[in-house]
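Architecture and fold: a report
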Amino acid sequence: MEAITRDFFLFLSKNNMLNNIAKKRGGSFAAGKIIGGTDFQSSIKFIKQLNDSGLSVTVDHLGEFVDSKEVTQERTAECIETIEMISREKLDSQVSLKMTSLGLDIDHALVIENMTKILDTAEKHGVMVTIDMEDEVRCQATIDIFRQFKEKYNCISTVLQAYLFRTEKDLDDLGQYKPFLRLVKGAYKESPEVAFPEKADVDENYKKLIKQSLLNGNYTAIASHDDKIIEYTKELAKRHNIPNTQFEFQMLYGMRNKTQHELVKQGYKMRVYVPYGLDWYGYFMRRLAERPSNISFAFKGMVRS
């Protein structure tokens, strides 16, 4: 049943008709519930509310797989403006972005040029930029880009996915950089040749990666709504005397709000992933596909006042 549910929502995420309807009609409905807004400016008030309640934020302009050089340049300029607004508004916020939005599928030199402009601004304002991980076929290229920029910049981090077989080695290979890493289970539909097909195996690999990253001394973001993963991380930290300042928890905006605030009260850093933009529909469907219980979390978030 879980596999059927996952495939169903992944199928819906790729439905162009529904995506176009969502772009035209759904932005105001989703704003302040599962996305910050249709642009960053309209998201600021929600970010401030989160900050005022003790929650940190990372923002993401939704949209990926860009196939136009002009659009990548627009995304680059928008990201730079976002970083400048974060600094100007004194928001406790980082930025997340996908390399396909900057031209990964178009030209390597283009994505490097665009990312350099963004990171120059990020370093100037001290705003962390996280390179989001996409599907497995783009994994190596994404890691290579991270390596290249990590040689020069401090305000850069990336994401590793627990459902991929390769991730344990990737984590080892990145150890020399002492990176800031976000660890996730993974949201794309992958072949059993490259990814664990069973949830139980993904969960066990996730725990292994969390332990590996923390014991290596990396600053680690555990991005999960799974209570078992959260408790595992807490117990691991206590057992190995890992300070709370070496890791944080991350969850999606509009999901598990009570748990987010409870973690803050317990003394843990809690960061909320706040997406914004018109392309919210595909993102939302993939989040529901990740874990069936996200459906109930999302419903509660959508109907709350």
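A quick note: this is a predicted structure, and the numbers were derived from the prediction, not measured.

Here we come to the nonpolar core. Counting 73 residues, the largest nonpolar core has Phe40, Val59, Met99, Met115 and Ile210 as the members making the most contacts within it. Counting residues per element, this core draws most heavily on helix 5 (residues 108-125), at six residues. Ignoring anything within four residues of it in the chain, the contact list for methionine 99 reads Leu104, Val111, Met115, Ile131, Glu134, Thr142 and Ile145. If you look at the next biggest cluster of nonpolar residues, it comprises 13 residues, including Ile35, Tyr273, Trp280 and Tyr283.

The next thing to look at is the UniProt feature "binding site: FAD" (unreviewed entry) in the chain. UniProt's entry tags Met133, Gln161, Lys185, Gly186, Ala187, Lys199, Ser224 and His225 with the feature "binding site: FAD" (unreviewed entry), counted in the numbering of this structure. Relative to the assigned elements, glutamine 161 resides in strand 4 (residues 156-161). Leave out the neighbours within four places in its chain, and glutamine 161 touches Met133, Glu134, Thr167, Val184, Lys185, Gly186 and Tyr188. Counting through the fold element by element, lysine 185 comes out in the loop between strand 5 (180-184) and helix 8 (199-215). With near-sequence residues (within four places) excluded, lysine 185 lies in contact with Gln161, Ala162, Tyr163, Lys199, Val202, Asp203, Tyr206, Ser224, Asp226 and Ile229.

Another point: the sheet that holds strand 5. The eight strands are arranged 1-2-3-4-5-6-7-8 in a closed barrel whose pairing can be described as parallel. Direction aside, the axes of adjacent strands within the sheet are offset by 30° on average. Set on the sheet, helix 3 (residues 40-52) makes contact with strand 1 (56-61) and strand 8 (270-276); between it and strand 1 the angle comes to about 160°. Across the sheet, helix 8 is in contact with strand 5, strand 6 (219-223) and strand 7 (247-252); its angle to strand 5 comes to roughly 170°.

This paragraph deals with the environment of histidine 61. Within the secondary structure, histidine 61 is located in strand 1. Between the alpha carbons of histidine 61 and aspartate 279 there is a distance of 8.6 Å; along the sequence they are 218 residues apart. For histidine 61, the contacting residues outside a window of four places in its chain are Arg75, Glu78, Ser96, Tyr276 and Gly277. One polar contact links histidine 61 to glutamate 78, side chain to side chain, over a distance of 3.1 Å.

The terminal C-alpha atoms of helix 5, which comprises 18 residues, lie 26 Å apart, in line with the 26 Å expected from a rise of 1.5 Å per residue. Buried within helix 5 we find Leu110, Val111, Ile112, Asn114, Met115, Ile118, Leu119, Thr121 and Ala122. Looking at the buried side of helix 5, the elements it contacts are helix 4 (69-88), strand 2 (93-98), strand 3 (129-132), helix 6 (139-150) and strand 4. Two or three places before alanine 109, at the start of helix 5, stands the capping residue aspartate 107, its side-chain oxygen 3.2 Å from that residue's backbone nitrogen.

Let's shift gears to the pattern of salt bridges. Counted according to the given criterion, the structure contains 17 salt bridges. Lysine 48 is the salt-bridge partner of glutamate 89, the closest N and O atoms lying 3.0 Å from each other. A residue pair is termed long-range when its members are at least 10 positions apart, and glutamate 89 in the loop between helix 4 and strand 2 and lysine 48 in helix 3 qualify at 41 residues. The exposure class of lysine 48 is partly exposed, given its relative accessible area of 35%. Between arginine 138 and aspartate 105 there is a salt bridge; the shortest N-O distance is 2.9 Å. Taken together, the residues span a long stretch of sequence, with arginine 138 in the loop between strand 3 and helix 6 and aspartate 105 in the loop between strand 2 and helix 5 at a distance of 33 residues. Connected via shared salt-bridge partners are Asp60, Lys98, Asp132 and Arg182.

Below, the discussion takes up the packing of aromatic side chains. Evaluated as defined, the whole model comprises seven aromatic pairs. Taken together through their ring pairs, the aromatic side chains of Phe247, Phe249 and Tyr268 make up a single cluster.

A few words on the side chain of serine 56. Within the secondary structure, serine 56 is located in strand 1. Polar side-chain contacts of serine 56 include one of 3.0 Å to the side chain of lysine 269. Once residues within four sequence positions are removed from consideration, serine 56 is found in contact with Asn51, Asp92, Lys269, Met270, Arg271 and Val272.

The next subject is the pairing of strand 3. Side chains Val129 and Ile131 project from strand 3 onto one buried face, and the interleaved Thr130 and Asp132 project onto a second face that is buried too. In this structure, strand 2 lies alongside strand 3, joined through four bridges in parallel fashion. The partner of lysine 98 across the bridge, within strand 3, is aspartate 132. Following the backbone out of strand 2, through helix 5 and into the adjacent parallel strand 3, one traces a crossover that is right-handed. Both strand 3 and strand 4 contribute to a ladder of three bridges, which runs parallel. Within strand 4, the position partnered with valine 129 by the bridge is isoleucine 156. The β-α-β motif built from strand 3, the intervening helix 6 and the parallel element strand 4 has right-handed crossover chirality.

Conventions used here
Residues numbered from 1 in each chain as written. Predicted model: local features only at pLDDT ≥ 70, side-chain atom pairs only at ≥ 80, totals over all residues. Heavy atoms only, no water. Core = buried A, V, L, I, M, F, W, Y, C linked by side-chain atoms within 4.5 Å. Buried < 20%, exposed > 50% of the residue type's maximum accessible area, 1.4 Å probe, protein only. Helix = DSSP H or I, 4+ residues; strand = E, 2+ residues; numbered from the N terminus. Contact = heavy atoms within 4.5 Å. UniProt positions renumbered as here; feature names shortened; annotations may be inferred. Pairing = 2+ DSSP bridges. Axes fitted to C-alpha atoms, helices over the stretch in contact; angles between N-to-C directions. Polar contact = N/O pair within 3.5 Å; in protein donor to acceptor, adjacent residues only side chain to side chain. Expected span 1.5 Å × (residues − 1). Salt bridge = Lys/Arg side-chain N within 4 Å of Asp/Glu carboxyl O. Phe/Tyr/Trp six-rings, centres within 6.5 Å; stacked < 30°, edge-to-face > 60°. Right-handed = clockwise from strand over helix to strand, strands pointing away.

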